[in-house]
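Chain by chain, the residues:
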Amino acid sequence: MAHPARVDVTTPGKHRHPGINVHRSRLAETDITHQYGIPTTTPARTLLDLADVLDPATLTRAVHELRLRKLMRLDDLAAQLAPGRKTAVLRRLIERPTRPTRSEFEDAFLVFADRYRLPRPEVNTIVAGYEVDLFWAPQRLVGELDGYDTHEFR
């Protein structure tokens, strides 16, 4: 089995191991969870750490994926934000919440809408019994971006 070239670990201790990039941090008890008995940072804390290294589109996609899988709520993420960190993307997602998007294309559309000051649609909401990608309620307008592959109906 091939292993990634670099493994990153956040720890409060002074451990060093070959091939592991160690990040030292003061982790609060609430920053830690366990997966298969192994202590790990919570999804919200992991996103906070990734905000320093991921591009905005990838970070946005990660937030939506964690929310779709019900592994994190925006409240969890808001509790992590502190001054002095690169948190602009995370703050924007918290301050202008939508339902989680299901694709990079939906993420890109919301950026497009914001850039051109278009009204912000509801995302992945139910209209007439069907889940639709975009819905502008005042205009009674539905927009579909992802197509048949991501829906159970045509």
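Now for a quick tour of the structure. (Residues numbered from 1 in each chain as written. Predicted model: local features only at pLDDT ≥ 70, side-chain atom pairs only at ≥ 80, totals over all residues. Heavy atoms only, no water.)

### Some words on a nonpolar patch on the surface
Then comes step 1: A contiguous nonpolar patch, built from Val7, Val9 and Ile20 and spanning about 180 Å² of accessible area, is present on the exposed surface.
Then comes step 2: In this fold, Ile20 is placed in strand S2 (residues 20-24).
Then comes step 3: When its relative accessible area of 31% is taken as the criterion, Ile20 is described as partly exposed. (Patch = residues over 30% accessible without salt bridge, like charges linked within 9 Å, V, L, I, M, F, W, Y side chains within 5 Å. Areas by Shrake-Rupley, 256 points an atom, 1.4 Å probe, with all protein chains shown as cover. Salt bridge = Lys/Arg side-chain N within 4 Å of Asp/Glu carboxyl O. Helix = DSSP H or I, 4+ residues; strand = E, 2+ residues; numbered from the N terminus. Buried < 20%, exposed > 50% of the residue type's maximum accessible area, 1.4 Å probe, protein only.)

### With respect to the nonpolar core
Among soluble globular proteins, nonpolar side chains are generally buried collectively.
Then comes step 1: Leu47, Leu59, Val63, Met72, Leu77 and Leu90 are the most contacted members of the largest nonpolar core, which has 14 residues in total.
Then comes step 2: Broken down by secondary-structure element, the contributors of at least two residues to this core are helix H1 (43-50), helix H2 (56-68), helix H3 (74-80) and helix H4 (88-95).
Then comes step 3: Filtering out sequence-adjacent residues up to four positions away, Leu90 remains in contact with Leu47, Leu48, Ala51, Leu59, Val63, Leu77 and Leu81.
Then comes step 4: Counting six residues, the second largest nonpolar core, distinct from the first, contains Phe109, Val123, Leu134 and Trp136. (Core = buried A, V, L, I, M, F, W, Y, C linked by side-chain atoms within 4.5 Å. Contact = heavy atoms within 4.5 Å.)

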